[in-house]
Amino acid sequence: MGSNKVLSEAEIQEIEKQYDEIIRVCPRCQSDENKALIRKAFDLACEAHKEMRRKSGEPYIWHPIEVAKIVAEEIGLGTKSVICALLHDVVEDTDYTIEDMEQQFGPKIASIIDGLTKISHVFDKESSLQAENFRKMLLTLSDDVRVILIKLADRLHNMRTLESMPAYKQIKIAGETLFLYAPLAHRLGLYTVKTELEDLSFKYEQEAVYNDILQKLKETENKRVEYINKFSQPIIDKLNEANIDYTITGRPKSVYSIWKKMQNKNVPFEEVYDIFAIRVVFNPINSNPEKTQCWMIYSLVTDIFSPKPDRLRDWVSTPKANGYEALHTTVMGPEGKWVEVQIRSKRMDEIAEKGYAAHWKYKGDGADEGELDKWIKKIRELLTNKESSALEFLDEFKMNLFSSEIYVFTPKGQIKRLPKGATILDFAFDIHSAIGNRAVGAKVNHKLVGLSYQLQSGDQVEIITSEKQTPQKEWLNIVTTAKAKSALKTSFKAERRESIEKGQMIFIDKLAELNRKPAAPIYRKLFGAYGITTKSELYIQIGMGTITADDIKKIVLKRSQSKFVRYWQLRVSKTTFRFGKRISPKKDAEQKINKKIPLILAENINEDQYIIAKCCSPIPGDDVMGYITPNNSVIVHKKTCPKAIEIMANYGDKIVTAEWTKHKLMASLARIQLKGIDRMGLVNNVTKVISEELAVNMRAVSFESNDGIFFGFIELYIHDTDDLNNLIKNLKKIKGVDSVVRIEMND
Ligand code: MN
């Protein structure tokens, strides 16, 4: 803030001139009423900041004045925004309060200034807080997008005057500008602001490289201008002939964009600089739609130069999500050089340069939702989802900010915009979470595809749903959009809640039947028996059927915990398993468990001796541990199972190490899920592969086919992980089978 030098007479005169300057650059501030309001804000700001100076030594008031000019001239906002820009640092840096602002300028202006004040320290904190602050800053989008636009103007002026800051601050400010503000400006359609922010950031971040490119641009400028003139002349002639009111400009590339291209393509400056571009901006004739006129000019240009077919970009029919509209084509110019030609109407040009504010101008305040409004609405939805953390949000937000987009169509031809990399599942959730939750596959351009299929621009997508389908945990790896992710998370939570409610009901009913009350000793018994630590977990297991009403009865009625048996008898019996049948070998009356020696897990599936935990379904070959229950049986968990980890922490004295015997006849239950595209004979192929796999016996199998997509669930007995992996490999080879996975039943 510099020293407290009161302004000199000369400075006061210079500042006074700026009022007229602001009015001059603000076409939307011209009424007497508006001028009076701006005068009032101008005087207040001057008065409030009169004793402050910037690092550069100049009076502080220059900053709000410049921000106000950017807001009016470069972003195209009106009176309220100009007033807020003038006052944006007043509450932050002087004795004036928000209440003062409200009293003087009304609630709307006060609330925008409040938003600006609150986000003024956004990036001074450590990373997580920074993310939270950024989230808060964007939350103000829901109040008024002008907060963000003025903030961008503020940042732009700070970047323009970054010279006077110490070097370490320059780097920091430049970094966050490139990281957040430039993409934000881009997303809001402020192309010019974005480009300048990028170039300025780049200048401070990599000064030498910046200067080098700038120098080379200057050296080659004459040649470029010459070429562009030569290229444009025949177009100019044609446009004049056709009586079109237009301007034509060569479009200089920004230093940063040249550098990025050099990086991305790994080429030297010489190969990048002479990618030429010109822009034709026309004043439309009222009787003709702008779109028609764009194509007419396109036709004139391509009559002269031949277009490169794969480089036609039609953002007139489908504007970009940030509102950008234009027709781009690349044509072969003289000397065999490609030249990009951008064709836009005056309105489109203004939207391209000034973004959101220009939308307002052309839409009027109450007009229907533009793409940008939809984007802001999406961001708002994300922000109001309390389940995502600030950092998670930032990730998702940035992803939505950076990734380019694809356009796909519904069966009825409605267009949907999704980020690049979006899958069928993303599309399904974009339509509605009820569709997403039930999706089993899709027809893309009339061909069947699975849920993980990545969509391409132009795809026409029809989602196939099944009443039996439920959201799967693995879907979280398939979806890329924030919307789908949060819908999935919400549904998993709901599922958990349902299980808890259901389980609690069963539990209470069963206890009532047994004439017991749900008291602490009963919970203790059950917790001990199943290695559970919380009530909700108990309810979930009951709700999911892992603990049955009979189990509850058994445990509850048990008088006292019997002493643990001393040894474990190893039984090896030759058992075979037949399809659909479950074998339970006879039970030994007395079993003893010695915790000091590993429990040997044979093919014995005696429920009372050891039980394969349903939560993680370990199979031979998996690293496992055993939990000794009060009724002398052992529940075998994978060591990596979260449940097991919890048990080890809480019931250390009831743990027994366990090992699998390597016996070829031993078998264990595993579940696999198959997905694919149905065709004649597929089910036969699948069962044949399984039965040919000598080491495997099926226990249960179910296939479901819906409109060409099939799902298979197979429960089978296998010997060890090698056998299972082998089987999965062979199943994957079957034509039409898309994925084969072992299902883990982890929560
Ligand atoms: Mn400021």
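Residues numbered from 1 in each chain as written. Predicted model: local features only at pLDDT ≥ 70, side-chain atom pairs only at ≥ 80, totals over all residues. Heavy atoms only, no water.

Draft legend 1. Up close: the overall build of the chain. Scanning the chain for helices and strands turns up 29 helices and 19 strands. Residue burial in the chain is summarised as follows: out of 747 residues, 49% are buried. Partitioning the intrachain contacts of the chain with sequence separation of at least 6 by distance along the chain shows that 68% fall at a separation of at least 24. (Helix = DSSP H or I, 4+ residues; strand = E, 2+ residues; numbered from the N terminus. Buried < 20%, exposed > 50% of the residue type's maximum accessible area, 1.4 Å probe, protein only. Contact = heavy atoms within 4.5 Å.)

Draft legend 2. The packing of helix α11 (residues 191-205) against helix α12 (residues 207-241), seen in detail. Here α11 crosses α12 at 120°, and the two axes come no closer than 5 Å. Between α11 and α12, the angle is such that the two are oblique. Each of D199, F202, K203 and E205 in α11 lies in contact with α12, whose residues at this interface are E207, V209, Y210 and I213. Broken down by class, the residue content of the contact of α11 with α12 amounts to four nonpolar, no polar and four charged. (Axes fitted to C-alpha atoms, helices over the stretch in contact; angles between N-to-C directions. Parallel < 35°, antiparallel > 145°, perpendicular 65-115°, else oblique. Nonpolar A, V, L, I, M, F, W, Y, C, P; charged D, E, K, R; others polar.)

Draft legend 3. View of the nonpolar core. Counting 63 residues, the largest nonpolar core has I38, V82, L86, L87 and L197 as its most contacted members. With eight residues, the top contributor of residues to this core is helix α9 (residues 146-160). Beyond its immediate stretch of four places on either side in the chain, L197 contacts L152, R155, L156, M159, T177, Y181, A182 and A185. Core analysis: the second largest hydrophobic core is formed by 29 residues, L526, I532, I540 and I635 among them. (Core = buried A, V, L, I, M, F, W, Y, C linked by side-chain atoms within 4.5 Å.)

Draft legend 4. A look at the state of the cysteines. Under the defined criterion, the tally for this structure stands at one disulfide. Across a sulfur-sulfur distance of 2.0 Å, C26 and C29 are joined as a disulfide pair. Handedness here is read from the sign of the S-S torsion; for C26 and C29, about 55°, the answer is right-handed. (Disulfide = S-S within 2.5 Å.)

Draft legend 5. Just helix α16 (residues 346-354), in detail. Listed as buried for α16 are M348, D349, I351 and A352. On an axial view of α16, the arc spanned by its buried residues comes to 160°, and they lie on one face. (Arc of directions from axis to C-beta.)

Draft legend 6. Broad picture of the pattern of salt bridges. In this structure the tally under the stated criterion is 21 salt bridges. Note that E196 and R160 form a salt bridge whose closest N and O atoms lie 2.6 Å from each other. Here R160 lies in helix α9 and E196 lies in helix α11, a separation of 36 residues in the sequence. We classify E196 as partly exposed; its relative accessible area is 25%. K337 is paired through a salt bridge with E335; the nearest N and O atoms lie 3.6 Å apart. You can call E335 exposed: its relative accessible area is 54%. What you see here is one network of salt bridges that share partners, running through E16, R39 and D43. (Salt bridge = Lys/Arg side-chain N within 4 Å of Asp/Glu carboxyl O.)

Draft legend 7. Summary view of the sheet that holds strand β9 (residues 447-449). If you trace the three strands from one edge of the open sheet to the other, you get β9-β8-β10, paired in antiparallel fashion. This sheet does not close on itself; its edge strands, each paired only once, are β9 and β10 (461-465). If you compare each strand with its neighbour and ignore which way they point, the axes differ by 30° on average. Pairing analysis gives three bridges linking strand β8 (residues 439-444) to β9, with the strands arranged antiparallel. Among the inter-strand pairings, A442 is bridged to a residue of β9, identified as V449. Contacts between helix α20 (residues 424-431) and the sheet are confined to β8, β9 and β10, with β10 contributing the most and set at about 85° to the helix. (Pairing = 2+ DSSP bridges.)

Draft legend 8. Inspection of the sheet that holds strand β3 (residues 313-314) at higher detail. One open sheet holds the five strands; their spatial order is β1-β2-β5-β4-β3, and the pairing between them is mixed. Edge positions in the sheet fall to β1 (245-250) and β3, since each has one partner strand and no second. As defined by bridge partners, β1 adjoins strand β2 (residues 276-283) across six bridges and the pair is classed as antiparallel. Paired with I248 across the bridge in β2 is V280. Contacts between α12 and the sheet are confined to β1, β2, β4 (327-332) and β5 (338-345), with β2 contributing the most and set at about 30° to the helix.

Draft legend 9. Expanded view of the pairing of β5. Of all eight residues in β5, seven are buried, a share of seventy percent or more. In the sheet, β2 pairs with β5 via seven bridges, with the strands oriented parallel. Across the sheet, I278 pairs through a bridge with V341, a residue of β5. In the sheet, β4 pairs with β5 via six bridges, with the strands oriented antiparallel. Bridge pairing in β5 places T329 opposite V341. Between the end of β4 and the start of β5, which pair antiparallel, lie five residues, with E335 showing a positive phi angle near 60°.

Draft legend 10. Summary view of unusual backbone geometry. Of note in the backbone geometry, N243 takes a positive phi value of approximately 60° without being a glycine. Along the chain, the position of N243 falls in the loop between α12 and β1. Non-glycine residue N515 carries a positive phi angle of around 65°. Along the chain, N515 turns up in the loop between α23 (482-513) and α24 (520-530). With relative accessibility at 71%, the residue N515 sits in the exposed group.

Draft legend 11. Helix α6 (residues 98-105), seen in detail. I98, M101 and F105 are the residues of α6 that are buried. Summarising the axial view, the buried residues of α6 lie within an arc of 55°, below the 170-degree limit, and thus occupy one face. Turned more than 90 degrees off the buried face of α6, the exposed positions are E99 and Q103. In the stretch just after α6, G106 is the one whose phi turns positive, near 90°.

Draft legend 12. Representation of the coordination of the manganese ion. Distances from the manganese ion to its protein donors, H63 (NE2), H88 (NE2), D89 (OD) and D154 (OD), fall within 2.2 to 2.6 Å. As a motif over one chain, the donors of the manganese ion read H-x24-H-D-x64-D. Linking D89 in the loop between α4 (79-87) and α5 (90-93) with D154 in helix α9, this pair joins segments that are 65 residues apart in sequence. Considered together, D89 and D154 belong to a single accessibility category, that of buried residues. (Donors = N, O, S within 2.8 Å, 3.2 Å for Na, K, Ca; no water.)

Draft legend 13. Representation of the packing of aromatic side chains. Counting across every chain of the model gives twelve aromatic pairs. Considering the side-chain rings of Y19 and F42, the 5.8 Å spacing of their centres and the 65° angle between planes classify their relative orientation as edge-to-face. On the criterion of sequence distance, the pair formed by Y19 in helix α1 (residues 9-25) and F42 in helix α2 (residues 32-49) is long-range, its members being 23 residues apart. Take Y19: its relative accessible area is 9%, and that puts it in the buried class. Measuring from ring centre to ring centre gives 4.6 Å for Y227 and F276, while their planes differ by 25°; the resulting arrangement is stacked. On the criterion of sequence distance, the pair formed by Y227 in helix α12 and F276 in strand β2 is long-range, its members being 49 residues apart. The pair formed by Y227 and F276 is uniform in burial state, with each residue classed as buried. Grouping aromatic residues by their ring pairs yields a cluster made of F202, Y210, Y256 and W259. We note R39 situated over the ring of Y19; from NZ or CZ to the ring centre the distance is 4.4 Å. Lying across the ring of Y523, K535 places its NZ or CZ 4.6 Å from the centre. (Phe/Tyr/Trp six-rings, centres within 6.5 Å; stacked < 30°, edge-to-face > 60°. Lys NZ or Arg CZ within 6 Å of the ring centre and 35° of its normal.)

Draft legend 14. The arrangement of the environment of E16 in detail. Relative to the assigned elements, E16 resides in helix α1. Taking the relative accessible area as the measure of exposure, E16 reaches 37% and is therefore partly exposed. C-alpha separation for the pair E16 and C46, spaced 30 residues apart in sequence, amounts to 9.4 Å. Residue contacts for E16: discarding those within four places in its chain leaves R39 and F42.

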